[in-house]
Amino acid sequence: MADTPIFPRPGLASQLAAQILHQSPTSSSPSGVFLAAPRRTGKSTFVREDLRPALQAKGAVVIYVDLWADRHVDPSELLAVAIRTEMGRHGHAVQKIAKGLGISGGKVAGLEFSLDRIGIGKDVTLVQALAVLSDEVKQPMVLVIDEAQHALTSQAGMDSLFALKAARDELNSSAHHGLRLVCTGSNRDKLAMLRSSKDQAFYGAPLVAFPHLDKDYVAWFCEHVGLSAELAPEAVWALFEKAGWRPELLGAAADSLRFDFQIQPADVQERFSAAVAEQIDAAACETLRVVHALTPLQTAVLRVLADSGTQYRPFEAATLEKYREALSAAGESAESAPRVDVTAVQAALQALQDKSLVWRAARGVYALEDVSLREVLAA
Ligand SMILES: Nc1ncnc2c1ncn2[C@@H]1O[C@H](COP(=O)(O)OP(=O)(O)OP(=O)(O)O)[C@@H](O)[C@H]1O
Ligand SMILES: [Mg+2]
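Being a predicted model, the structure only gives us computed values, none of them experimental. (Residues numbered from 1 in each chain as written. Chains lettered and ligands numbered in written order. Predicted model: local features only at pLDDT ≥ 70, side-chain atom pairs only at ≥ 80, totals over all residues. Heavy atoms only, no water.)

Q: Any details on the overall build of the protein chain? Residues and values, ideally.
A: When helices and strands are tallied, the protein chain shows 15 helices and 7 strands. Taking the principal axes of the C-alpha coordinates as reference, the protein chain spans close to 70 × 60 × 40 Å. Roughly 18,600 Å² of accessible area belongs to the protein chain as shown, and the carbon and sulfur atoms make up 53% of that amount. Between the averaged position of the 38 positive side-chain charges in the protein chain and that of its 45 negative side-chain charges there is a distance of 6 Å. (Helix = DSSP H or I, 4+ residues; strand = E, 2+ residues; numbered from the N terminus. Areas by Shrake-Rupley, 256 points an atom, 1.4 Å probe, with all protein chains shown as cover. Lys, Arg positive; Asp, Glu negative; His and termini not counted. Charge placed at Lys NZ, Arg CZ, Asp CG, Glu CD.)

Q: Describe the pattern of salt bridges, and please don't skip the residues or the numbers.
A: Here the structure, examined in full by the defined rule, presents 10 salt bridges. Among the salt bridges present, the one from Glu-77 reaches Arg-84, with a minimum N-O distance of 3.1 Å. The salt bridge partner of Glu-286 is Arg-289, with a shortest N-O separation of 2.5 Å. Taken together, the residues Glu-286 and Arg-289, both in helix H11 (residues 268–292) and 3 residues apart, mark about one turn of the helix. For Arg-289, a relative accessible area of 53% puts it in the exposed group. (Salt bridge = Lys/Arg side-chain N within 4 Å of Asp/Glu carboxyl O. Buried < 20%, exposed > 50% of the residue type's maximum accessible area, 1.4 Å probe, protein only.)

Q: Which residues make up the site of ligand 1, and what values go with them?
A: Taken together, 14 residues sit near ligand 1, with Arg-39, Arg-40, Lys-43, Ser-44 and Thr-45 positioned nearest. Note that an oxygen atom of ligand 1 is positioned 2.7 Å from one of the side-chain N or O atoms of Lys-43. Contacts to ligand 1 include Glu-147, whose side-chain N or O atom sits 3.0 Å from an oxygen atom. Relative to its unbound accessible area of 630 Å², ligand 1 is 86% covered by the protein chains. Elements with a minimum of two residues in the shell around ligand 1: helix H2 (43–57) and helix H10 (247–258). When residues in the shell around ligand 1 are grouped by element, the largest group, 3 residues, is from H2. The class makeup of the residues in the shell around ligand 1 is 5 nonpolar, 4 polar and 5 charged. Mapped onto the domain boundaries, the shell around ligand 1 takes at least three residues apiece from domain 1 (10–209) and domain 2 (215–291). (Near = heavy atom within 4 Å. Polar contact = N/O pair within 3.5 Å; in protein donor to acceptor, adjacent residues only side chain to side chain. Nonpolar A, V, L, I, M, F, W, Y, C, P; charged D, E, K, R; others polar. Domains from an automatic or database assignment.)

Q: Please give an account of helix H1 (residues 10–21) that cites residues and values.
A: Between its first and last C-alpha, H1 extends 16 Å over 12 residues, near the 16 Å set by a 1.5 Å rise per residue. Looking at H1, one finds that the buried residues are Ala-13, Leu-16, Ala-17, Ile-20 and Leu-21. For H1, the arc enclosing every buried residue in end-on projection is 125°, short of the 170-degree limit, so these residues lie on one face. Turned more than 90 degrees away from the buried face of H1 sit Gln-15 and Gln-19, all of them exposed. Those residues of H1 that are buried lie in contact with strand E1 (33–36), H2, strand E3 (141–146) and strand E4 (179–185). (Expected span 1.5 Å × (residues − 1). Arc of directions from axis to C-beta. Contact = heavy atoms within 4.5 Å.)

Q: Any details on unusual backbone geometry? Residues and values, ideally.
A: Phi at Trp-245 is positive, roughly 60°, even though this residue is not glycine. Residue position: Trp-245 is located in the loop between helix H9 (233–242) and H10. Phi angles above zero are rare outside glycine, and Ser-356 is one such case at about 60°. Structurally, the position occupied by Ser-356 is in the loop between helix H14 (342–354) and strand E6 (358–360).

Q: Describe the sheet that holds strand E2 (residues 61–66), listing the residues and the values that go with them.
A: The parallel open sheet is built from 5 strands, whose spatial order is E2-E3-E4-E1-E5. With partners counted over all chains shown, the strands left at the sheet margins are E2 and strand E5 (207–209), one partner each. Averaged over all pairs of adjacent strands, the angle between their axes in this sheet comes to 20°, without regard to strand direction. Pairing of E1 with E4, which is carried by 4 bridges, proceeds in the parallel orientation. Bridge pairing in E4 links Leu-35 to Thr-184. Helix H3 (residues 75–88) contacts E2 and E3 of the sheet and is inclined by roughly 150° relative to E2. Strands E3 and E4 of the sheet are contacted by helix H6 (residues 155–171), whose axis makes an angle of about 145° with E4. (Pairing = 2+ DSSP bridges. Axes fitted to C-alpha atoms, helices over the stretch in contact; angles between N-to-C directions.)

Q: For the environment of Ala-306, give the residues involved together with the corresponding values.
A: For Ala-306, the position within the fold is in helix H12 (residues 296–308). When the C-alpha atoms of Ala-306 and Glu-136 are compared, they prove to be 48 Å apart, with 170 residues separating the residues in sequence. Sequence-distant contacts of Ala-306, defined by excluding residues within four places in its chain, comprise Leu-368, Arg-374 and Leu-377.

Q: Give me the packing of aromatic side chains: which residues, what numbers.
A: Under the defined criterion, the tally for this structure stands at 9 aromatic pairs. Between Phe-221 and Phe-272, the aromatic rings sit 6.1 Å apart at their centres with planes inclined by 40°, giving tilted as the arrangement. Highlighted residues: Phe-221 in helix H8 (residues 215–224) and Phe-272 in helix H11, separated in sequence by 51 residues. Like Phe-221, the residue Phe-272 is buried in the burial classification. Each ring, one from Trp-237 and one from Phe-240, has its centre 6.1 Å from the other, and the planes form 55°; the classification is tilted. Taken together, the positions of Trp-237 and Phe-240, both in helix H9 and 3 residues apart, correspond to about one turn of that helix. Phe-240 gets classed as buried once you look at its relative accessible area, which sits at 0%. By the ring-pair criterion, three or more aromatic residues cluster together here, those being Phe-7, Tyr-217, Trp-220, Phe-221, Trp-237, Phe-240 and Phe-272. (Phe/Tyr/Trp six-rings, centres within 6.5 Å; stacked < 30°, edge-to-face > 60°.)

Q: Describe the domain arrangement of the protein chain, with residues and values.
A: Considered domain by domain, the protein chain is made up of domain 1 (10–209) and domain 2 (215–291). Taken over C-alpha atoms, the centre of domain 1 sits 37 Å from the centre of domain 2.

So this is what it looks like as structure tokens:
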């Protein structure tokens, strides 16, 4: 259980769980589902607090992995750890795997067979491990990968995705009990990379726009906020929309009022509105500060990338021309403008990555780290 109270969304969770587990006669091996929603709108909370129990209630074994859990650990390792952890719960499955490797003897499993041997490029592939697990639990399994696009940032991560595709096809055959993949991510451009090209593991998987928290959440918030006067749900809903449906901004605004003991109950609503506006400004300001500190070429590269979306080809002649146009639109004269060539653009892209504005997949495809940056740039 979370230590901060959470607004439960059982209806949405149960609908989604039913769809995820549904066996469609028209698609013999469902690819999985992608849930996309902007940052900080409650994806992970929903997946952990609502979706996981809903799937379990429908008889599935859920393996959850957050590829952002530790940015210093390769995503493939995080995935393998999650699968090993589930394995570890089923001693019999571990024994079977150990036997398969020729490690015999009546000793307690796990002593002579280390679960570290499961993973990409290891003795036991993810497919083998998941297949044994499936036979053991005899239930459908759902692998939920939070921030799935992060798998694209390393070669081993991409290999894991292919391994999972193989595992899914194998486990969804009549020999086993089914495997569903659920991926979440905050950036549609990035998630799109996982499913748009034929050589990608999730080619054609449906991308579902994950619904943001609704008016019921706002009503719940108003009921639980505990300020010295009640907030009007209608007014808070308008603020919540402006805040991009990010619960934290409402929470932070409430906190800033909570410790003001002088506040008159009649002023609470107005002060709360002002506090939310402050939170929204502060959030946008932070990004703007970083953007304003960029060099002219970095800004030009960022703008062209933002405008091109998934069509962005960083080093093509036509794109280089676009950078030059963006530079002159920004008031750089032909003499003062920085040199625009592949090396300079490469350096600019690297700098943008270092500032966490731009994200690069292992195969050199680029996307905005956060799509809300597009609006900030336009403003
Ligand atoms: N149902 C909910 N009830 C109350 N608070 C919530 C709920 N869902 C999310 N929040 C709050 O909103 C914030 C963001 O939630 P969460 O981390 O789940 O979002 P996210 O979309 O996964 O974010 P990120 O893009 O960083 O991964 C957290 O502080 C969380 O406590
Ligand atoms: Mg999250």
